[in-house]
Amino acid sequence: MTIQEIMERTGLKDYSLAKAYINDAVHLLQSTSADTVKVSYSNITVASDGDDNQYDLPADLISLKSISVKDTQDSKYKKVKRLVNSPTVAEDTSPST
Amino acid sequence: MSVDTDRTYFFEFKGKKVVLWKLVESASTDTVGSYRVRLPDSYYKNQLIYPDEAITNGLRFEYTALSKVFVEEDPQSTVDSSLTEATSPSEESHVNLNRMRSLAVVDYIKAQINETKGDFQMKEYYMREFYKKIGDSESNMRNISINFPVSPFSVK
């Protein structure tokens, strides 16, 4: 469906507003169901500092489907589980021990 | 070498960050000569440690995102991978959704227009229609067909 057809069906005259509403609608749609699924990768590093096991989420993320870690033995990404309870450490000043 | 990562790695969220942990069954060790020995006061147990191995592209995120929202071609006429993103969309650009989801977008916009007018009853009506059409579109992907034998008798 074209933007023009959507504008005609809704009676909207303002093109910019129509485009903004369409973006919002697609955003909401991607939030409740998956229309376009993307994949991104991050390097896992060996910790040398207290927050080195923290990784950024993708900037354009709307809804997370899964997180996987590469099994280097058979070169496959395997889904990892979320911790139910956080470890008791609030701040780690010596991650190597 | 990372092995059985589905059993040995775990994550948790800390705000916008993902915190990665590795589960190991070990005790504190030290190296004496060329031998790795367990320290006498240390006991063997499950421990969560920081990932102890660098893995290039080791962490994989699968997620939904806004991607190719507006395209040049009609998404109903060609496959998704052949669609060209409209970088400067015009009124003739297509919304990259199937027919049912495009109709859901129409309902969403009608809901927003009614909200602006202050007509919340109509807004709720159109939002319900929006979610109904998304639901229809989802269930179209997961049709379950159940067949029953037709009774030979018209009157039971």
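Residues numbered from 1 in each chain as written. Chains lettered and ligands numbered in written order. Predicted model: local features only at pLDDT ≥ 70, side-chain atom pairs only at ≥ 80, totals over all residues.

1. Remarks on the overall build of chain A
- Looking only at helices and strands, chain A has 2 helices and 5 strands in total.
- Rg of the C-alpha trace for chain A: 21 Å, well past the compact-globule value of 13 Å for 97 residues, more than 25% over.
- Projected onto its principal axes, the C-alpha coordinates of chain A cover approximately 65 × 35 × 25 Å.
- The burial tally for chain A puts 24% of its 97 residues in the buried class.
- A fraction of 37% describes how many contacts in chain A between residues 6 or more apart in sequence connect residues 24 or more apart. (Helix = DSSP H or I, 4+ residues; strand = E, 2+ residues; numbered from the N terminus. Rg over C-alpha atoms; globule rule 2.2 N^0.38 Å. Buried ≥ 20, exposed ≤ 12 C-beta atoms within 10 Å, placed from the backbone. Contact = placed C-beta atoms within 7 Å.)

2. Examining the confidence of the model for chain B
Residue and element names in this part refer to chain B.
- When pLDDT is averaged along chain B, the result is 86, and 92% of the positions lie at 70 or above.
- Ranking the elements of chain B by mean pLDDT puts strand S3 (residues 29-32) last with 75 and helix H2 (residues 99-117) first with 95.
- The ipTM value of the predicted complex is 0.87, and its pTM value is 0.79. (pLDDT = per-residue confidence, 0-100.)

3. Focus: the interface of chain A and chain B
- Each side of the interface is counted separately: chain A has 66 residues, and chain B has 57 residues.
- Of all the secondary-structure elements, those providing two or more residues to the side of chain A that touches chain B are helix H1 (3-10), helix H2 (15-32), strand S1 (37-44), strand S2 (54-56), strand S3 (63-71), strand S4 (76-79) and strand S5 (81-82) of chain A.
- For the side of chain A that touches chain B, the class distribution of residues is 31 nonpolar, 21 polar and 14 charged.
- Relative to strand S6 (residues 55-64) of chain B, S3(A) runs antiparallel, the two sharing 6 bridges. (Nonpolar A, V, L, I, M, F, W, Y, C, P; charged D, E, K, R; others polar. Pairing = 2+ DSSP bridges.)

4. Concerning the packing of H1(A) against H2(A)
Residues and elements named next belong to chain A.
- The contact between H1 and H2 brings their axes to 10 Å, and the two run at 95°. Relative to H2, H1 is oriented roughly perpendicular. Where H1 approaches H2, its residues Ile3, Ile6 and Met7 are matched on the opposing element by Ala18, Lys19 and Ile22.
- Of the residues contributing to the contact of H1 with H2, the split by class is 5 nonpolar, no polar and 1 charged. (Axes fitted to C-alpha atoms, helices over the stretch in contact; angles between N-to-C directions. Parallel < 35°, antiparallel > 145°, perpendicular 65-115°, else oblique.)

5. Looking at the pairing of S3(A)
Residue and element names in this part refer to chain A.
- Where S3 and S4 come together, 4 bridges link them in antiparallel fashion. Bridging across to S4, Ser68 finds its partner in Lys79.
- Linking two consecutive strands that pair antiparallel, namely S3 and S4, is a turn of 4 residues; a positive phi of about 50° is found at Ser75 within it.

6. Notes on the pairing of S6(B)
- Bridge count for S1(A) against S6(B) is 7 bridges, and the pairing is antiparallel. By the bridge assignment for S6(B), Ser40(A) is matched with Phe61(B).

7. Considering helix H3 (residues 120-141) of chain B
Residue and element names in this part refer to chain B.
- Between its first and last C-alpha atoms H3 spans 32 Å; for 22 residues at 1.5 Å apiece the expected length is 32 Å, and the two agree.
- By the burial criterion, the buried members of H3 are Tyr126, Phe130, Lys133, Ile134 and Ser137. Taken down its axis, H3 places every buried residue within 95° of arc, on the same side. For H3, the exposed residues lying more than 90 degrees away from the buried face are Phe120, Gln121, Arg128, Lys132 and Ser139. (Expected span 1.5 Å × (residues − 1). Arc of directions from axis to C-beta.)

8. Quick notes on the packing of H2(A) against H2(B)
- Where H2(A) contacts H2(B), the axes come no closer than 9 Å and their chain directions differ by 120°. Note that H2(A) runs across H2(B); the crossing there is right-handed. Taken together, the residues of H2(B) that come into contact with H2(A) (itself represented by Tyr21(A), Ile22(A), Ala25(A), Leu28(A) and Leu29(A)) are Arg101(B), Ala104(B), Val105(B), Tyr108(B), Ile109(B) and Gln112(B).
- Among the residues forming the contact of H2(A) with H2(B), the class breakdown is 9 nonpolar, 1 polar and 1 charged. (Left-handed = near helix turned anticlockwise from the far one by under 90°.)

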